[in-house]
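Summary of the model geometry
Here is how the chains run, residue by residue.
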Amino acid sequence: MESSELAGTVTQSMAKEDASIDPYFHLILNDDLAENNWPKVLDEYKKQPKHSLMAQTMSKALFDKLKNVQSSSGWTIARAINTGVCYPDSFVGCHAGDLDSYKVFKDLFYPVIEKYHVGYKLDGSMKHVTSMDPEHIKVDLTDEAKSIIVSTRIRCARNLAMFPLNTSGSLKTRMEISDSMEAIFKEMSSSDEYKDLGGTFFRHTTMTKEEEQKLIDDHFLFKGKDKMQAASGYHRFWPHGRGIFCSNDKKFLLWINEGDHLRIISMEQSGDIKGVLRRLHRGAVAIEHYLKKKYDVKDVFMSDPILGMITCCPSNLGTGLRASVHCRVPKLIKKIGFQKIDELARSMKCQARGTMGEHSEVTDTVDVSNWRRLGFPEHELVQDMIKCINKFAEMECSMED
């Protein structure tokens, strides 16, 4: 492995002795895993009432079976489970380095996937289906639901089949992806067919302070700074190879190398959920068109008939889609609290998050999104969210001040 590949990779013991090592960006390996040994701390995690899906699945016998195996990109079981070993609060606790690693380490990944994507079986009896057509959505927002919605945001994750996932990717692969996407954005913005999606690509390494502040004010900028993601290798070589494409109307965005290669985003300050999904679909088709043209390949997005779209985290497999709505429910928050709101959302195949996203503070609004990803078409997952919002709106509007 070249020295550039090791940049930003240290052990927990090294991190304790060097204050310059930043757990939010550096890849810090558990000491045992760095030596390719069974991480003894997992024995303690397994005694706790709650532990990650990885910890529920991984055993010393399984680790010893897989410890000397590598995927086509050199991904190892030690790297795969590092996040869950370093951070027991991680819900999933493991990451893939490439499509091959899902198969090479299927004794770990398949049980984790089936635990997360409840009801989906990986025995070959089920296939993933894809359909972003909003006309297939059979449930509409109620008038009450429309009255509480602040904004709508739908995104999908995509990884390019020509490159390893960013967990195992290098500085070179990150730069190649961002360079390719910059050229595609220029071509797309100048085309007659997609010029309405045209805009500007801002690189993290070259954006001005004014541009950075504007992106922050618009809540568009991603900043990395996540310990669990950093432990997977997401943030290595930060900020090189990262960037944000923003359409002129600020309704169509792409994050480049935030975690997965591409996060394609459609959003607006309204409750026009079908319109947001329609724009996302059209934008994803445009990006795929230009990538096929550039690389002269049939399939540009990393995918599998059973696993769907391939992502670094098993939780995003399938559609890679998160459809979310910010809704104002101050009475509901006060009456039953955020935890109960999230429990209700999960009973309806959705998830509630804080006002600014996962692990954030809750004020008067909550972010409600689909929970399912794999085995269901995109329009059905958006429909899950609509049903959940309708229920929250009914409860909110029936409560007294």
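Look up: the structure comes first, before these words.
What you are looking at is a predicted structure, and each value in this text was computed from that prediction instead of being measured. (Residues numbered from 1 in each chain as written. Predicted model: local features only at pLDDT ≥ 70, side-chain atom pairs only at ≥ 80, totals over all residues. Heavy atoms only, no water.)

1. Overview of the overall build of the protein chain
So the rule is basically this: Helical segments are the DSSP runs of H or I of at least four residues, strand segments are the runs of E of at least two, and each set is numbered from the N terminus. Our radius of gyration is a C-alpha quantity, and the globule rule it is checked against amounts to 2.2 Å times the number of residues to the power 0.38. Contacts between residues were defined by any pair of non-hydrogen atoms, one from each residue, lying within 4.5 Å. Positive charge is attributed to Lys and Arg, negative charge to Asp and Glu, and no charge count is given to His or to the chain ends. Think of each charge as sitting on NZ of Lys, CZ of Arg, CG of Asp or CD of Glu.
When helices and strands are tallied, the protein chain shows 15 helices and 12 strands. The globule rule puts the C-alpha radius of gyration for 401 residues at 21 Å, and the 21 Å found for the protein chain is close to it. Relative to all contacts within the protein chain whose residues are 6 or more apart in sequence, the contacts with residues 24 or more apart total 71%. Here the protein chain carries 55 positive and 57 negative side-chain charges, and the mean point of each set is 2 Å from the other.

2. Some words on the state of the cysteines
What counts is decided by this rule: Any cysteine sulfur atom paired with another within 2.5 Å is treated as part of a disulfide. Three labels apply to residues, based on accessible area from a 1.4 Å probe with only protein chains included: buried if under 20% of the type maximum, exposed if over 50%, partly exposed otherwise in between.
Tallied over the entire structure, the rule returns zero disulfides. Here C313 is not cross-linked by a disulfide; its sulfur's nearest cysteine counterpart is in C94, at 7.1 Å. Take C313: its relative accessible area is 12%, and that puts it in the buried class. C327 takes part in no disulfide bond, and the closest cysteine sulfur to it belongs to C388, at a distance of 7.9 Å.

3. As for the packing of aromatic side chains
Note on aromatic pairs: each is described by the distance of the centres and the angle between the planes. The line we're drawing: Pairing of aromatic side chains requires ring centres within 6.5 Å, counting the rings of Phe and Tyr and the six-membered ring of Trp. Pairs whose planes differ by under 30 degrees are stacked, by over 60 edge-to-face, and all others tilted. In this analysis the charged atom, NZ for Lys or CZ for Arg, is taken to sit over a ring once it is within 6 Å of the ring centre and within 35 degrees of the ring normal.
Counted under the stated rule, the structure contains 13 aromatic pairs. Ring centres of F91 and W371 lie 5.9 Å apart, and the angle between their planes is 80°; on these two criteria the pair is classed as edge-to-face. Separated by 280 residues along the polypeptide, F91 in the loop between α6 (77–86) and α7 (99–104) and W371 in the loop between β12 (365–370) and α15 (378–398) bring together distant segments of the chain. Judged by relative accessible area, which is 17%, W371 ranks as buried. One aromatic cluster is present, formed by F25, F222, W238 and W255 through successive ring pairs. Positioned above the aromatic ring of W255, the side-chain terminus of R153 is 5.4 Å from the ring centre.

4. Describing helix α8 (residues 106–116)
All of the buried residues along α8 are L108, F109, Y110, V112, I113 and Y116. Buried residues in α8 make contact with α4 (53–57), α5 (60–66), α6 and α7.

5. A look at the nonpolar core
Operational definition: Take the buried Ala, Val, Leu, Ile, Met, Phe, Trp, Tyr and Cys residues and link them wherever side-chain atoms come within 4.5 Å; each set so joined is a nonpolar core.
Core analysis: the biggest nonpolar cluster contains 59 residues, and M181, M188, I287 and V382 have the highest contact counts within it. Contacts of I287, omitting those with residues within four sequence positions, involve M181, I184, F185, M188, L254, L262 and F301. With 40 residues, the next largest nonpolar core counts A55, L122, Y234 and L307 among its residues.

6. Quick look at the pattern of salt bridges
Note the cut-off: Throughout this description, the term salt bridge denotes a Lys or Arg side-chain nitrogen within 4 Å of a carboxyl oxygen of Asp or Glu.
The final tally for this structure, using the stated rule, is 23 salt bridges. One salt bridge connects D364 with R328, and the closest N-O pair in it is separated by 3.4 Å. Of this pair, D364 sits in the loop between β11 (350–353) and β12 while R328 sits in strand β10 (residues 321–328), and the two are 36 residues apart along the sequence. Among the ionic pairs, D367 bridges to R353, the shortest N-O distance being 3.6 Å. With D367 in strand β12 and R353 in strand β11, this residue pair connects regions lying 14 residues apart in the sequence. A single salt-bridge network, built from bridges that share partners, covers D179, E182 and R203.

7. Observations concerning the side chain of T57
Where we set the bar: For the purposes of these results, a polar contact is taken to be a pair of N or O atoms within 3.5 Å, where, inside protein, one atom must be able to donate a hydrogen and its partner to accept one; residues adjacent in sequence count only when each atom of the pair is a side-chain atom.
Inspection of the secondary structure puts T57 in helix α4. For T57, a relative accessible area of 16% corresponds to the buried category. Polar side-chain contacts of T57 include one of 2.9 Å to the backbone oxygen of L53. In contact with T57, other than residues within four places in its own chain, are L62, D107, L108, P111, V112 and K115.

8. Topic: the pairing of β10
Two faces, one strand: in a regular strand the side chains alternate between the faces of the sheet. Put simply, the rule reads: One requirement defines pairing of two strands: DSSP has to find at least two bridges between them.
The buried fraction of β10 amounts to six of the eight residues, a majority that puts the element mostly inside the structure. Note: strand β3 (residues 149–158) against β10, seven bridges, orientation antiparallel. Following the sheet pairing, T152 is matched in β10 by V325. In this structure, β10 lies alongside β12, joined through five bridges in antiparallel fashion. Opposite S324, over in β12, you have S369 as the bridge partner.

9. Considering the side chain of S52
Within the secondary structure, S52 sits in the loop between α3 (41–45) and α4. Judged by relative accessible area, S52 falls into the buried class, the value being 2%. At 3.0 Å, the side chain of S52 and the backbone nitrogen of A55 are in polar contact. When sequence neighbours within four positions are dropped, the list of residues in contact with S52 reads P88, S90, F91, V92 and G93.

10. Observations concerning the packing of helix α14 (residues 330–347) against α15
Note the following rule: Here an angle of 0 to 180 degrees is reported between the N-to-C directions of two axes, which are lines fitted to C-alpha atoms, with helices fitted over the stretch in contact. Every angle not falling under 35 degrees, over 145, or within 65 to 115 is termed oblique; those three ranges are roughly parallel, roughly antiparallel and roughly perpendicular. Handedness of each helix crossing follows the sense of rotation of the near helix against the far helix: counterclockwise by less than a right angle gives left-handed, clockwise gives right-handed. Residues were grouped as follows: Ala, Val, Leu, Ile, Met, Phe, Trp, Tyr, Cys and Pro as nonpolar; Asp, Glu, Lys and Arg as charged; and all remaining residues, including Gly, as polar.
Running from N to C, α14 and α15 point in directions that differ by 150°, and their axes come no closer than 11 Å. Here α14 lies roughly antiparallel to α15, going by the angle between them. When the axes of α14 and α15 are compared, the crossing they make is right-handed. Across from P330, K331, L332, I336, I341, L344 and A345 in α14, the residues of α15 making contact are C388, F392, M395 and E396. Residues of the contact of α14 with α15, tallied by class, amount to nine nonpolar, no polar and two charged.

11. Describing empty space enclosed by the protein
The test is simple: Grid points spaced at 1 Å over the protein atoms alone were grouped into cavities, where a 1.4 Å probe fits but cannot get out, and pockets, open sets with protein on both sides within 12 Å along at least five of seven lines, with lining residues defined by an atom within 4 Å of a point. Grid points are joined across faces, edges and corners, and a volume is the space filled by probe spheres set on the points.
If you walk through the whole model with that rule in mind, you get one cavity of 30 Å³ or more. Roughly 40 Å³ of internal volume is contained in the largest cavity. Around the largest cavity, the lining residues are R153, H219, F220, L253, W255, I265 and M267. Going through the elements one at a time, β6 (252–256) and β7 (262–268) are the ones with two or more residues in the lining of the largest cavity. Residue classes in the lining of the largest cavity are distributed as five nonpolar, one polar and one charged.

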